[in-house]
Amino acid sequence: DYIFCIDSLNFSFWHNDPDDECRIEGRSGYAALLHALRRDKRMWDPFHFSKLTCDDLEKLFATDSGAEFPMLKERHQILQENGRILQGKFGGTAENIIRAGDHDSNKIVAVLVSNFPSFRDEAYILREEEGESAESIEVAFYKRAQIFVADCWAAMRQEDFVRNIDQLTMFADYRVPQVLSSLNILIYSQRLIHILNNEIELRYGQREEMEIRGCSIEAVERIAHGLNTIPVLVDFALWTMAKDRTETRKYPHHKCRCIYY
């Protein structure tokens, strides 16, 4: 249940001002989220977090500088919505999401996506760049839905708690592409380099944004195949590298303000 709460809010930690990452007691990014949630010992309980006001959440996410934590209103709306759905459809516990998915990774993702709108990481891309007859195709990344499954799998340390974990892709966000770029695994066009260097925000569903995420998935699939391991573990390693490796931070990450990653 606590992991469900975390992954309901696991998105968009970057800040427009590079000198102020919205630190919470010295912690930034994902670590700041975890620390904020520890300020309220009942954040595992949907009956509790669905009733929090926006002011309550603002106090939880109070930053060292006084700046507002990114997308606070959206986080509040998601907590209310997900808490109500969890109570109304799943008996008030995320364990029933896993049961409804028969402890299978793909089925659990499907349960999340079909019942919780904020987990529907879906957009459309044109098959052709121009022309009225251009066909659009749906592209779904399901970053937060997949990471919920992987986090439960990693936390429980039981092989049969979540089966077919190898079916998950990497979790297409902005940090893993950053480290893939720093390692020259992803090579960006000059136009895209200009966008990143000038901190031009990409729109969710914009072609460049989707290509960065999609190519990151393909890159991690190839790495996992070469290492005879699973994409989830490659993602964990790359994300840790992005966080700990100073060299990585010299490479700009793409900026897209959305609730999906």
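Just so you know, these numbers come straight off a predicted model, no measurement behind them.

**Side note on the overall build of the chain**
At step 1: For the chain, the helix and strand inventory stands at 12 helices and two strands.
At step 2: In the chain, the succession of helices and strands from N to C terminus is α-α-α-α-α-α-α-β-β-α-α-α-α-α.
At step 3: Expressed along its principal axes, the backbone C-alpha trace of the chain runs to roughly 50 × 45 × 45 Å.
At step 4: Across the 261 residues of the chain, 50% fall into the buried class.

**Some points on a negative patch on the surface**
At step 1: A surface patch of like charges, here negative, comprises D55, D56, E58, E68 and E74.
At step 2: For the negative patch, the element with the most residues is helix 4 (residues 54-60), which contributes three residues.
At step 3: If you trace the backbone, D56 turns up in helix 4.

**Focus: the packing of aromatic side chains**
Centre-to-centre distance and the angle between the planes together describe a pair of aromatic rings.
At step 1: Across all of its chains, the model carries 11 aromatic pairs by this definition.
At step 2: Here the aromatic rings of Y30 and W239 are separated by 5.9 Å at their centres, their planes lie at 90°, and the arrangement is edge-to-face. A residue pair is termed long-range when its members are at least 10 positions apart, and Y30 in helix 2 (residues 29-38) and W239 in helix 12 (residues 231-244) qualify at 209 residues.
At step 3: On the basis of relative accessible area, W239 is assigned to the partly exposed category, the value being 28%.
At step 4: These aromatic residues form a ring-pair network of at least three members: F4, F90, F116, F119 and F148.
At step 5: The ring of F119 has R144 lying over it, and the distance from NZ or CZ to the ring centre is 4.5 Å.
At step 6: Geometry around W14 places R257 over its ring, the cationic atom sitting 3.6 Å from the centre.

**A closer look at the environment of S182**
At step 1: Looking at where S182 falls in the secondary structure, it is placed in helix 9 (residues 175-182).
At step 2: Considering only alpha carbons, one finds S182 and T248, 66 residues apart in sequence, at a separation of 5.6 Å.
At step 3: Within the structure, S182 has its side chain in polar contact with the backbone oxygen of V179 (distance 2.8 Å).
At step 4: Separated by 3.0 Å, the side chains of S182 and R245 make a polar contact.

**Observations concerning unusual backbone geometry**
At step 1: For Y142, which is not a glycine, the phi torsion comes out positive at approximately 50°.
At step 2: Along the chain, the position of Y142 falls in the loop between strand 2 (136-140) and helix 8 (143-156).
At step 3: In this structure, N228 is a non-glycine residue whose phi angle is positive, near 55°.
At step 4: Mapped onto the fold, N228 is located in the loop between helix 11 (207-227) and helix 12.
At step 5: The class of N228 is exposed, set by a relative accessible area of 73%.

**Some details on the pairing of strand 1 (residues 122-126)**
At step 1: Only one face of strand 1 is buried, namely the one carrying A123 and I125, since none of E122, Y124 and L126 on the opposite face is buried.
At step 2: Pairing of strand 1 with strand 2 involves five bridges; the strand directions are antiparallel. In the sheet register, I125 faces strand 2, and the bridge partner there is I137.

**Describing the packing of helix 9 against helix 12**
At step 1: Relative to each other, helix 9 and helix 12 sit at 80°, their axes nearing to 8 Å. By the angle between their directions, the pair helix 9 and helix 12 is classed as roughly perpendicular. Facing R175, V176, V179 and L180 of helix 9, the residues of helix 12 in contact are D235, L238, W239, M241 and A242.

**Comments concerning helix 10 (residues 190-197)**
At step 1: For helix 10, the complete set of buried residues consists of L192, I195 and L196. Projected down its long axis, helix 10 shows its buried positions confined to an angular sector of 95°, all on one face. Seen from the buried face of helix 10, the exposed residues on the opposite side, beyond 90 degrees, are Q190, R191 and N197.
At step 2: In this fold, the buried residues of helix 10 make contact with helix 11.
At step 3: Just downstream of helix 10, E199 is the residue with a positive phi angle, here 50°.

Rules behind the numbers
Residues numbered from 1 in each chain as written. Predicted model: local features only at pLDDT ≥ 70, side-chain atom pairs only at ≥ 80, totals over all residues. Heavy atoms only, no water. Helix = DSSP H or I, 4+ residues; strand = E, 2+ residues; numbered from the N terminus. Buried < 20%, exposed > 50% of the residue type's maximum accessible area, 1.4 Å probe, protein only. Patch = residues over 30% accessible without salt bridge, like charges linked within 9 Å, V, L, I, M, F, W, Y side chains within 5 Å. Areas by Shrake-Rupley, 256 points an atom, 1.4 Å probe, with all protein chains shown as cover. Salt bridge = Lys/Arg side-chain N within 4 Å of Asp/Glu carboxyl O. Lys, Arg positive; Asp, Glu negative; His and termini not counted. Charge placed at Lys NZ, Arg CZ, Asp CG, Glu CD. Phe/Tyr/Trp six-rings, centres within 6.5 Å; stacked < 30°, edge-to-face > 60°. Lys NZ or Arg CZ within 6 Å of the ring centre and 35° of its normal. Polar contact = N/O pair within 3.5 Å; in protein donor to acceptor, adjacent residues only side chain to side chain. Pairing = 2+ DSSP bridges. Axes fitted to C-alpha atoms, helices over the stretch in contact; angles between N-to-C directions. Parallel < 35°, antiparallel > 145°, perpendicular 65-115°, else oblique. Contact = heavy atoms within 4.5 Å. Arc of directions from axis to C-beta.

By themselves these figures say nothing about function.
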